[in-house]
Amino acid sequence: LHRRPRTSRACAVQRIDCLRAAERQEERRRMAKGKRVERPPEGVEFPLAEDGRRSTMGFNAGAFEASVAKVDAALAAEIRSVAPKWRKKYARYVVENVKVSSASTKNALTIAKAGLDYLHDHMVFVRNERSMPLRVAMNEFKQDTFATGVVKGRGNFGAGVNGFEVPYKGKVLSGDALLVQIDKWVHEGVIEVSCGHAMNEMVRNEGWLDLRDTYFVMLGASSAMGPFEFLMNHGANVVAVDIDRPHIWNKLIGIAEKSPGTLTFPLKQAAGGAKGAQLAEIAGCNLLTQTPEIRNWLLTVHKGKPLGIGSYAYLDGALFVKLSMSMDAIAKDVIASRKNVSLAYLCTPTDCHIGTSAANAVANKTYRRSPAWQSFLTVLVSMIPGMKPLKRNAYKHVSDDSGNTYHIVDAIVHEQGPNYILAKRLQHWRAIVSRCEHGCIVSSNIAPSTRTLSVVHNITFKMAYGGMGKFRPMEVFDQETSSAVMAGLLVYDLKCENSASYPQTELGNPLCLFSENSFHGGAWRCGYKFSSIGTSSILVYLLCDMLVPLYLFLYNVVQLAGWAYVMYLAFDKNPAPALAQSPWPYVHKELRLFQNLAGMEVVHSMLKMTSTPWTTVLIQVLSRVLLVEGIVMVPAAQGSPWIWGLVAAWGITEVVRYSFYALKILGKEMKLITWLRYSLFLVLYPFGVTSELAVIRPVVYGVPESWHVLPYGALGTLCLYWFVYVPFFPMLFGHMLAQRKKILGGGQKVKKE
């Protein structure tokens, strides 16, 4: 056999492949040794510092210094002096930035414009190893663009059929049910009054949900908190911009196809006849490296239509600053080149904002009325090295040149870092400038702390969020709830001309834009600073969600075993022929022990370890304890055969009840136990009450006469006992009947075709 000789081209290709394989092997070897492999810079980047590194902290501090330099030179000089320690010091100067901005509208605008100018002049764009200011890059690369893909949904438009809907705790609220929940959130301080008003308007104006005339760009369309699915389901024309990953676009295209909306998106090449998965393979772009091209493409989409631009993309750390700069450069140029452009952002509650006077007053009131355990927890945490104790949520007050007083709420979580704050701050600055100087509608509402997948995967955040609800009025929401509410507030801002988003609506200060419609989740009205409750929330979570359930499980198991043992003693020592004799001599110690132990259930209820009102538990437990202690004191009552009824009714009931509770704590359910729990009472409750009333008579007549303080002595006491006891039984029995119908589904009608 004769081999064909290799051509020079084939040999060259082979050598290149070998070199690339060697490079990949070397990269894997370095990564295996723990060495970070630096990729060459490309796209939006931080500028090089004097030492040749791309310093994020120096750039960060420089942005805040430049923003205030024209209005407060002393503050700018102070920022410059602490720049080397910016990571530790940044939070204080973010608050100072807000305070200086609050002093006047002129200050707010000057600071916003100066900050944006610094960012666009100093942030660089790298392409083909050539570095230039981002502003220059956006002016230079104006030719290249993308092809356009369009997917028109096949769904039937049905805006307003069910009205505005919000998923919440396993239910989908709409109409009156949603209005009631909104009022509850406002009353508890979870949201501001203006937010409640906006949501009420969304419920009442179903016509606003017809979004077929709405054209909205989503930068970061697959964002967990973004309104993509909401907009598509209400017929909107969504222009989606996201990374070129087929699994992302398969999801977005799949949602679009089932909706009544229209999806427009960038393609790397002309679609031809591609559909579905084929489109997903060529869809998408990179916000960081293709920023000018995305801008160029957006200028060609839906020409002549009013266009909204929502910045929803997110990455961790310094990448978030670069991503926010990319989105800002796109939005800035689109505003300059098109008419009727609106902007949309999601603000974080973990930032510094102008709050409301009502929130300030409620925070002070909540702090003064905080429960004793929170004060104890403050002392406890302060004794642990490295732990943050609870700090009062004390607002800072600033008066402007017109005599208005603004209340500054500092909810910055220091651990989230200065890059996150800068990324959110530049969005604030762009919102202020666009609304005040360009006349843009700007929707920028505060979203609450949310259990997104990225958050709950972090065990520390999961525990902190789990314990935050103990600090009233804090509430952490599921992703579905937050996303629906924020989408509704976005629609309100776009449709309601009286909204703060409209530039003709007068605001005391441009920063007040972020005070309106605040869905802060209680952060503004909590008695303690949001940044200080993290450690305490983790401790509360460990106690309430781990130790307390473990304790309650063990308590229920002990009571289950105890009452089973009481019945065993009674029936084992008393065979069937001797049932006429009282079992008291054999069970009195154990019966007394486990019945008195039930007094702990009153404590559980008072400490909110269980949900039943403590007064109800007290009545139930006390009636039994008094009866048992009365039998102990009166020997004549100990021989009553009705004690069999007590042992049988109480024993069977408690074995089933504690079994049910123990399984519930484990998150398990046995249908048989559930059925017994809500069925045996039909027989055991009447039988047990009859036995108790029969045994109480010899007890009352057997105690010393001096103990009877009522007229007619023992007879009066007995009548009083029956008068209180007998009416209580129908109430308890009726409650159990209602629970049985609810749990077992009794009385449900069969739906006929």
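Computed from a predicted model, the values in this text were never measured in an experiment.

Calculation notes
Residues numbered from 1 in each chain as written. Predicted model: local features only at pLDDT ≥ 70, side-chain atom pairs only at ≥ 80, totals over all residues. Heavy atoms only, no water. Helix = DSSP H or I, 4+ residues; strand = E, 2+ residues; numbered from the N terminus. Buried < 20%, exposed > 50% of the residue type's maximum accessible area, 1.4 Å probe, protein only. Contact = heavy atoms within 4.5 Å. Areas by Shrake-Rupley, 256 points an atom, 1.4 Å probe, with all protein chains shown as cover. Phe/Tyr/Trp six-rings, centres within 6.5 Å; stacked < 30°, edge-to-face > 60°. Core = buried A, V, L, I, M, F, W, Y, C linked by side-chain atoms within 4.5 Å. Salt bridge = Lys/Arg side-chain N within 4 Å of Asp/Glu carboxyl O.

### Remarks on the overall build of the protein chain
Inference 1: Scanning the protein chain from N- to C-terminus turns up 27 helices and 17 strands.
Inference 2: Counting every position in the protein chain, which comprises 753 residues, the buried fraction comes to 50%.
Inference 3: Residue pairs at least 24 apart in sequence account for 76% of intrachain contacts in the protein chain once pairs closer than 6 positions are excluded.
Inference 4: For the protein chain, the accessible surface area stands at approximately 37800 Å², while carbon and sulfur atoms represent 57% of it.

### Some remarks on the packing of aromatic side chains
Inference 1: Going through the model one piece at a time under the given rule, you end up with 27 aromatic pairs.
Inference 2: With a centroid separation of 5.6 Å and 90° between ring planes, the pair formed by W185 and F519 is classed as edge-to-face. Linking W185 in helix α7 (residues 175-188) with F519 in the loop between α19 (479-495) and α20 (533-573), this pair joins segments that are 334 residues apart in sequence.
Inference 3: The interplanar angle of 35° and the centroid separation of 5.4 Å between the aromatic rings of W249 and F265 together place this pair among those described as tilted. With W249 in helix α10 (residues 246-258) and F265 in strand β9 (residues 262-267), this residue pair connects regions lying 16 residues apart in the sequence. Each of the two residues, W249 as well as F265, counts as buried.
Inference 4: Counting every residue linked through ring pairs, the aromatic cluster contains F64, W86, Y93 and W429.

### What to know about the nonpolar core
Most often, soluble globular proteins have nonpolar side chains that are buried together.
Inference 1: Counting 108 residues, the largest nonpolar core has W86, L119, L287 and F471 as the members making the most contacts within it.
Inference 2: With ten residues, helix α13 (residues 318-337) is the largest single contributor of residues to this core.
Inference 3: Beyond its immediate chain neighbours, meaning those up to four positions away, W86 contacts M57, N60, A61, F64, I79, Y93 and P418.
Inference 4: Judged by nonpolar contacts, the second largest core, of 58 residues, contains F216, F228, M232 and A256.

### What about the pattern of salt bridges?
Inference 1: Under the definition given, this model contains 24 salt bridges.
Inference 2: Ionic pairing is found between R127 and E293, a salt bridge with its closest N-O pair at 2.8 Å. Taken together, the residues R127 in strand β2 (residues 124-127) and E293 in helix α12 (residues 291-298) connect sequence positions 166 residues apart.
Inference 3: On the basis of relative accessible area, R127 is assigned to the buried category, the value being 16%.
Inference 4: The class of E293 is buried, set by a relative accessible area of 7%.
Inference 5: Of the charged contacts in the structure, one is a salt bridge between R657 and E601, with a shortest N-O distance of 3.6 Å. Highlighted residues: R657 in helix α24 (residues 643-665) and E601 in helix α22 (residues 600-606), separated in sequence by 56 residues. Considered together, R657 and E601 belong to a single accessibility category, that of buried residues.

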